[in-house]
Amino acid sequence: MDIFELTIHQLHNELKTGAVSSLEATKAMLARIESVEPHVGSFITLTPESALAEAEAADRRIASGEAHVLTGIPLALKDIFLTEGIRTTCGSRILHNFVPPYSATSWERLRDCGCVLLGKLNQDEFAMGSSNESSAFGVTRNPWDTTRIPGGSSGGSAAAIAARQATATLGTDTGGSIRQPASHCGCVGLKPTYGRVSRYGVIAYASSLDQVGPITRDVTDCAIMLGAVAGYDPRDSTSVRTPVPDYTAALTGDVKGLKIGLPKEYFITGLDRDVQESMARAIETYGRLGAEFVEISLPHTDYAVATYYLIATAEASSNLARYDGVRFGHRSPQAEGLIDMMTKSRSEGFGAEVKRRIMLGTYALSSGYYDAYYVKAQKVRTLIMGDFTRAFENVDVILTPVAPTPAFKIGEKTNDPLQMYLSDIFTIPVNLAGTCAMSVPAGFSALGLPIGLQLIGRPFGEETILRAGHAFEQATEWHTRKAEI
Ligand code: GLN
């Protein structure tokens, strides 16, 4: 098998025995990137020189017997993670020249394990989108069908896994941005519980919803990556002081007696037929493995998208106020005076979707409308959280589709923001509730497009969804299929 095909745990075994060096693995990855990148466009910035130096350092560490399972593994990061000395754009023109002076905690933790950074991955601008089409750095294409979107906003992170351009990647998820692209590209993606992973050094979109998580080839890799980045960070006041379990130890393959909730609001008419069939087959598989099913109700599901687009845009309008051309990022050369400079820098620097969200959020927070929109959305958020709390009194995990359809065509929804927003209908409630969920490959459409299934867990119940995802993976072969690119 080619080195670029290997999972983290497979490559780790090769590195440990000395069959392959990290330098060889990194070179193989860089060559793979070079050959497929013109067709996919996963990267915004490549860092080959530092990658080779990191690989050599990793090989020395392995030789000294001090290796972590991630030592020498070539990774790539969504371009939302600050990487000291390496340009970080967040997919925006306004940060096209921004080189951060410090790194995100999650990247620091991976670097301390000895990971090799191949580069920074494409994404929707400021993580606002579901298709990667709002990036200022061009579209990323779905490796399974390059006329289609890879999903978003961590589209580059998922496409790079599907196209074998990195062994694992990190993304972020505010309303589905890890799970939806993972589903569309046939990868595993996990959004941890809010507070599980530090957000320090992750460019903020909607701070009460944003969370960091891995996109990987399989569930074992996902458990390894989560274990490396999770845990309390004094630099993020919302990170929680809960011990980090050994997530790989949770992968027992045993789901006998596991109670799986099937929310009736998620299996709606209008759901794509191929998605419906994949879900039915997944339920059958779990049945064979000894799981039990409970029909549940999450009655406020209908209000989730509206609630999300009030809260997320309100927080975004506040977070994005810092891009004013004064301290960092794009500054308009045409401007006269301070106000003109700020206005022109922001007008030139932000794309259309980001501007739309800043306006929506500013409106929702404005004095006359604050109670009617923002405060009301917060109340509905509480109701949505309550739906999940009640459901988890009777079940261990909740099974749903990740997205209502497989990956759509590039350009299909760009003129219809509402249609784009609705593609996150099954992922958004999880962020509002603050709990964890993952996407696991669960089938293919008639056109050969990957379909993911979503497993939602209790707050800090990552071990349970990983166990359930792993058992499913063991019983099926979806994750072994490869995109022909
Ligand atoms: N698609 C959703 C949005 O546009 C979610 C994005 C995300 O999770 N970052 O806001």
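Refer to the structure printed above.
Keep in mind it's a predicted model, so treat the numbers as computed, not measured.

A word on the packing of aromatic side chains. Per the stated rule, a full pass over the model turns up 16 aromatic pairs. Arranged with centres 5.4 Å apart and planes meeting at 35°, the rings of Tyr102 and Tyr200 form a pair that is tilted. Of this pair, Tyr102 sits in the loop between strand S2 (74-78) and helix H4 (105-113) while Tyr200 sits in the loop between strand S5 (188-191) and strand S6 (211-216), and the two are 98 residues apart along the sequence. Judged by its relative accessible area of 35%, Tyr102 falls in the partly exposed class. Within the aromatic cluster, the residues linked to one another by ring pairs are Phe98, Phe126, Tyr323, Phe328 and Phe350. Of note, Arg241 hangs over the ring of Tyr232, and the distance from its end group to the ring centre comes to 4.1 Å. Of note, Lys413 hangs over the ring of Phe408, and the distance from its end group to the ring centre comes to 4.4 Å.

This next bit is on the side chain of Asp173. Tracing the sequence through the fold places Asp173 in strand S4 (residues 168-173). By relative accessible area, Asp173 is classed as buried at 0%. Of note is the side chain of Asp173, whose polar atom sits 3.0 Å from the side chain of Asn431. In this view, Asp173 contacts Ile178, Arg179, Lys191, Leu209, Asp210, Gln211 and Asn431; residues no more than four positions away in its chain are not counted.

It is worth spelling out the sheet that holds S2 at this point. On the basis of which strands lie adjacent, the open sheet formed by eleven strands has the order S1-S3-S2-S4-S6-S5-S10-S11-S9-S7-S8 and mixed pairing. One side of each edge strand has no neighbouring strand; the edge strands of this open sheet are strand S1 (43-46) and strand S8 (292-296). Direction aside, neighbouring strands of the sheet carry axes that sit 30° apart on average. In terms of strand pairing, strand S10 (residues 436-444) meets strand S11 (residues 450-457) through eight bridges, oriented antiparallel. By the bridge assignment for S11, Cys436 is matched with Gly457.

Turning next to the pairing of S5. The two faces of S5 match: Val188 and Leu190 on one face and Gly189 and Lys191 on the other face are all buried. Sheet analysis places S5 next to S6, joined by two bridges and oriented antiparallel. Residue pairing across strands places Val188 opposite Thr216, the latter belonging to S6. Pairing of S5 with S10 involves three bridges; the strand directions are antiparallel. Note on S10: the bridge partner recorded for Leu190 is Met438.

Here we come to unusual backbone geometry. Where the residue is not glycine, phi is negative for most of them; where a peptide bond is considered, it is trans in most cases. A cis amide bond links Gly152 to the next residue, Ser153, at an omega of 5°. Despite not being glycine, Ala127 shows a phi value in the positive range, around 65°. Take Ala127: it is sitting in the loop between strand S3 (116-121) and helix H5 (155-162). Since its relative accessible area comes to 4%, Ala127 is described here as buried.

Turning next to the nonpolar core. Of all hydrophobic cores here, the largest spans 121 residues; its most connected members are Leu70, Leu110, Phe126, Met438 and Leu466. For this core, the leading source of residues is helix H7 (residues 219-229), giving eight residues. Residue contacts for Leu70: discarding those within four places in its chain leaves Ile8, Leu110, Cys113, Gly114, Cys115, Ile224, Met225 and Ala228. Residues Leu23, Ala51, Leu118 and Leu121 belong to the second largest nonpolar core, which totals 14 residues.

Moving on to a nonpolar patch on the surface. On the surface, Val326, Leu338 and Ile339 cluster together to form a nonpolar patch covering roughly 300 Å² of accessible area. Within the element layout of this structure, Ile339 appears in helix H10 (residues 338-349). The exposure class of Ile339 is exposed, given its relative accessible area of 64%.

Taken together, 15 residues surround the ligand, and among them Gly175, Ser177, Tyr205, Tyr308 and Asp424 come closest. One of the backbone N or O atoms of Ala127 is found 2.8 Å from a nitrogen atom in the ligand. The side chain of Arg357 places a nitrogen or oxygen atom 2.8 Å from an oxygen atom of the ligand. Expressed as a share of its isolated accessible area of 290 Å², the protein-covered part of the ligand is 100%. Residues that form the shell around the ligand fall into these classes: five nonpolar, seven polar and three charged.

Turning our eyes to something else, we now look at the pattern of salt bridges. Where charged atoms from two side chains of opposite charge approach closely, those side chains can pair. Under the defined criterion, the tally for this structure stands at 15 salt bridges. Taking the shortest distance from any N to any O, the salt bridge between Glu277 and Arg273 comes out at 3.3 Å. Of the two residues, Glu277 and Arg273 are both situated in helix H8 (residues 273-288); the distance of four residues between them amounts to about one turn of the helix. Residue Glu277 is classed as partly exposed on the basis of its relative accessible area, which comes to 38%. For Arg458, the salt bridge identified is with Asp396, shortest N-O distance 3.7 Å. With Arg458 in the loop between S11 and helix H15 (462-475) and Asp396 in the loop between helix H12 (370-391) and strand S9 (397-401), this residue pair connects regions lying 62 residues apart in the sequence. The class of Arg458 is partly exposed, set by a relative accessible area of 34%. Using a relative accessible area of 23% as the deciding quantity, one classes Asp396 as partly exposed. Among the charged side chains, a salt-bridge network with shared partners connects Glu5, Arg164 and Lys482.

For the pair H8 and H15, the least separation of the axes is 10 Å and the interaxial angle reads 95°. Considering their axes alone, H8 and H15 lie roughly perpendicular with respect to each other. Between H8, through Ala282, Thr285 and Tyr286, and H15, the contact on the second element is made entirely by Ala468, Gly469, Phe472 and Ala475. Per-class residue counts for the contact of H8 with H15 are five nonpolar, two polar and no charged.

Each value, and the rule that gives it
- Residues numbered from 1 in each chain as written.
- Predicted model: local features only at pLDDT ≥ 70, side-chain atom pairs only at ≥ 80, totals over all residues.
- Heavy atoms only, no water.
- Phe/Tyr/Trp six-rings, centres within 6.5 Å; stacked < 30°, edge-to-face > 60°.
- Helix = DSSP H or I, 4+ residues; strand = E, 2+ residues; numbered from the N terminus.
- Buried < 20%, exposed > 50% of the residue type's maximum accessible area, 1.4 Å probe, protein only.
- Lys NZ or Arg CZ within 6 Å of the ring centre and 35° of its normal.
- Polar contact = N/O pair within 3.5 Å; in protein donor to acceptor, adjacent residues only side chain to side chain.
- Contact = heavy atoms within 4.5 Å.
- Pairing = 2+ DSSP bridges.
- Axes fitted to C-alpha atoms, helices over the stretch in contact; angles between N-to-C directions.
- Core = buried A, V, L, I, M, F, W, Y, C linked by side-chain atoms within 4.5 Å.
- Patch = residues over 30% accessible without salt bridge, like charges linked within 9 Å, V, L, I, M, F, W, Y side chains within 5 Å.
- Areas by Shrake-Rupley, 256 points an atom, 1.4 Å probe, with all protein chains shown as cover.
- Salt bridge = Lys/Arg side-chain N within 4 Å of Asp/Glu carboxyl O.
- Near = heavy atom within 4 Å.
- Nonpolar A, V, L, I, M, F, W, Y, C, P; charged D, E, K, R; others polar.
- Parallel < 35°, antiparallel > 145°, perpendicular 65-115°, else oblique.

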